[in-house]
Amino acid sequence: MSDRLTVTDLVVEFIHEKYAIRPIDGLSFEAVPGEMTVLLGPSGSGKTTLLSCLGGILTPTSGAIHLGDLDLTGLDAGALEGFRREHVGFVFQAFNLIPSLTALQNVAMPLILTGSSRADAYDRAGAALDRVGMGDRKTHLPSRLSGGQQQRVAVARGIVHEPPLLLADEPTANLDHIQAESIIALLRDLREQGSIIVVSTHDARLVPVADTTVQMAEHEEVSESTPQRVQYVAGETVFGQGDRADLVYMIEEGNVDIVRINADGSEELLTSMGPGQYFGELGALLGYPRSASVRATTDLVLTAYGPRTFRSNVLLD
Amino acid sequence: MWLLTALDMKYRAIRFVVVTIGTALVFTLLFLMTGLIEQFNQEPFLAVRQVSTDDWAVPEGSSGPFTSSQVLRVDQVGALGAKGSVVVARGTTVIDGVASEGIIIGLGDETFASLPLDAGRPPAGELEAVVDETTGLAIGDEFQLGGSSFSVVGLTTDTTLLAGQPAVFARIFDARSVMFEGSPVTMAVLVEPGTSTDVAGTVVLTADDVAEDLLGPLESAVSSIDLIRILLWVVAAIIIGAVVYLSALERQRDFAVLLAIGGRSRQLAGSLAIQAVFVALLAVGTAAALQAVVAPVFPLKVRVPASSLWQLPTVAIVVALLAASAAMRRVRKTDPAAAFGGPA
């Protein structure tokens, strides 16, 4: 129970259609037993991907995950299955209780699946339900429980086998604020058992209750300096796919090609632009990484705007 | 896993009951079709062996006494030293004003002596007949045949031919008189088994050859029923496969969760297989009971072979597993990561 979770230079890359995306790119952090770590970030920032990696469901592209001395990235599929059974408890956003099973049977299921006798599984499941305050709902089907009650049962299912690592994916996302508060309080209380509790959320209100917070999408202030004229020679790259998006460009002179770099390194021409046209506005406005590369096909003169300046000076003008 | 399987079936009980009933109806039809084919296959052997287990001498070129209109010449009949002559004709019997097809078989008295009767006695006088019990006639009833009125003096069972046409046994004189206007025609002559004929223009068939020949006209009917049986198996497979696949689709998230919390994909696929086999066996059991109720009121005699009571469940298990294989494949490919995310 005293093993810490160490994530080092973690990279997860998916091939989507033909191009590669990296929801996690070089992430490192540590989580300590008896503490709650919150993974904070918007949708698409890789929180669930990271939980999948931590839970032994997904193998990262590179980097390392250690739980104590155990290196997850070195385990094969069968060993990962065993790792999940013994070391990880899951709490899901949508509760994900099996509708045909009572609260007690749902909580007992991880134990039954791993070969415990039914009597022992039910004893331990009953104790787990008592612990989360659901001891009086043991025989209820999920359909007869409120969202908050279902999530409590799901938490009991996550801790019934006393795993050293409890992963909770947006555990309050489908709950009203009263139920959400009780679940957060429950997760905080569970720290006492010495587990590492990792909670993913997009809700920054959870940050104050976290012992550690991992920002999944670094939010950097985009400079809003006055528009600047910039020049490129033919063949030069204005920005590359995956780069941080901070500026919007208006073409004053010359032409550019906008190309997508595929996973195999090949390039796909998306469009060509000339004077009077602009590019790079959505990434800069939304804070997403650049989704394509832009290359000057002739000598080029651009005006670079900060996204808010561009919006007020150009789009709304 | 048994717990999960049983509780899921309980949870989706209405669906499983409906599917079991639907599959049971299909299996009932399969039992009946199997029973029909069995009856078609056994019917001529039972009937012919009751008439006589002797060999049958017939005109050369005749396919058999019941399917050919060829007759023996008088001199051939004499030369064969026959144990008894047989006259066969298809005729229309009129019973209480209702006409129906029957097979008229004229026999000599010595042959009648060995004909097993269910009730009554062999014909002793003019225009007396022994009839198959499927005619619905009773001893003492009268019926019309070829313009003459016959009275029933005896009853037989299992003496239908050509898919349920009842045999009407009359003395050979009456049969010739009514069906052939008194001409001394003879379709076959019964001879000692193993006799080889040296009478020109005749051949000897065993009783089984004669029965076998009667299967010929039913060949296309049997093939059609066989085809229907195959289609019924396909329908049963589709019903079972569809419900199990639907169940797998609905439980995709459940399976992902179970995999994430330590379940093994083969355990979950096994759970689906158990459901499919359970539905199939329950349906077979229900069908076995249903066919026992339906068979007696079926228009044609249905003879469900005892072997089908174990063959059908065995095939049903195989079909159920095949039908569930797509669902099992789907489960085996389930990604536990699918447990993450918002409501499904």
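Residues numbered from 1 in each chain as written. Chains lettered and ligands numbered in written order. Predicted model: local features only at pLDDT ≥ 70, side-chain atom pairs only at ≥ 80, totals over all residues. Heavy atoms only, no water.

1. Remarks on the overall build of chain A
So, point 1. Summing up its helical and strand segments, chain A has eight helices and 17 strands in all.
So, point 2. Of the contacts made within chain A by residues no fewer than 6 positions apart, 72% connect residues no fewer than 24 positions apart.
So, point 3. The averaged location of the 41 negative side-chain charges in chain A is 8 Å from the averaged location of its 24 positive side-chain charges. (Helix = DSSP H or I, 4+ residues; strand = E, 2+ residues; numbered from the N terminus. Contact = heavy atoms within 4.5 Å. Lys, Arg positive; Asp, Glu negative; His and termini not counted. Charge placed at Lys NZ, Arg CZ, Asp CG, Glu CD.)

2. Focus: the confidence of the model for chain B
The predicted coordinates ought not to be read in detail in places where the model reports low pLDDT.
So, point 1. Residues with a pLDDT of 70 or more make up 98% of chain B, whose mean pLDDT is 88.
So, point 2. In the predicted complex, the global pTM is 0.73; the interface-specific ipTM is 0.76. (pLDDT = per-residue confidence, 0-100.)

3. Quick word on the packing of helix 2 (residues 13-51) of chain B against helix 10 (residues 308-332) of chain B
Residue and element names in this part refer to chain B.
So, point 1. Here helix 2 crosses helix 10 at 135°, and the two axes come no closer than 11 Å. Relative to helix 10, the element helix 2 is oriented oblique. At the point where helix 2 passes helix 10, the crossing takes the right-handed sense. Of the residues in helix 10, those touching helix 2 at F27, L30, F31 and T34 are S308, L309, L312 and A316. (Axes fitted to C-alpha atoms, helices over the stretch in contact; angles between N-to-C directions. Parallel < 35°, antiparallel > 145°, perpendicular 65-115°, else oblique. Left-handed = near helix turned anticlockwise from the far one by under 90°.)

4. Observations concerning a nonpolar patch on the surface
Residue and element names in this part refer to chain A.
So, point 1. A contiguous nonpolar surface patch, about 490 Å² in accessible area, is contributed by L282, L285, L286, Y288 and L315.
So, point 2. The dominant element in the nonpolar patch, judged by the number of residues it contributes, is helix 7 (residues 281-286), at three residues.
So, point 3. With respect to the element layout, L315 can be found in helix 8 (residues 307-315). (Patch = residues over 30% accessible without salt bridge, like charges linked within 9 Å, V, L, I, M, F, W, Y side chains within 5 Å. Areas by Shrake-Rupley, 256 points an atom, 1.4 Å probe, with all protein chains shown as cover. Salt bridge = Lys/Arg side-chain N within 4 Å of Asp/Glu carboxyl O.)

5. Focus on empty space enclosed by the protein
So, point 1. All chains considered together, the criterion is met by one cavity of 30 Å³ or more.
So, point 2. When its volume is computed, the largest cavity comes out at roughly 50 Å³.
So, point 3. Taken together, the residues that form the lining of the largest cavity break down as seven nonpolar, three polar and no charged. (1 Å grid on protein atoms, 1.4 Å probe; cavity = no way out; pocket = protein on both sides within 12 Å on 5 of 7 lines; lining within 4 Å. Points joined across faces, edges and corners; volume = space filled by probe spheres on them. Nonpolar A, V, L, I, M, F, W, Y, C, P; charged D, E, K, R; others polar.)

6. So, the sheet that holds strand 5 (residues 70-71) of chain A
All names here are of chain A.
So, point 1. Strand order in this open sheet of four strands is 2-1-4-5, and the pairing throughout is antiparallel. The two strands at the open ends of the sheet, each matched to only one other strand, are strand 2 (19-31) and strand 5.
So, point 2. Bridge count between strand 4 (residues 62-67) and strand 5: two bridges; the pairing is antiparallel. The residue of strand 5 that forms the bridge with L67 is L70.
So, point 3. Those strands touched by helix 1 (residues 47-54) are strand 1 (5-16), strand 2 and strand 4, and its axis lies near 120° from that of strand 1. (Pairing = 2+ DSSP bridges.)

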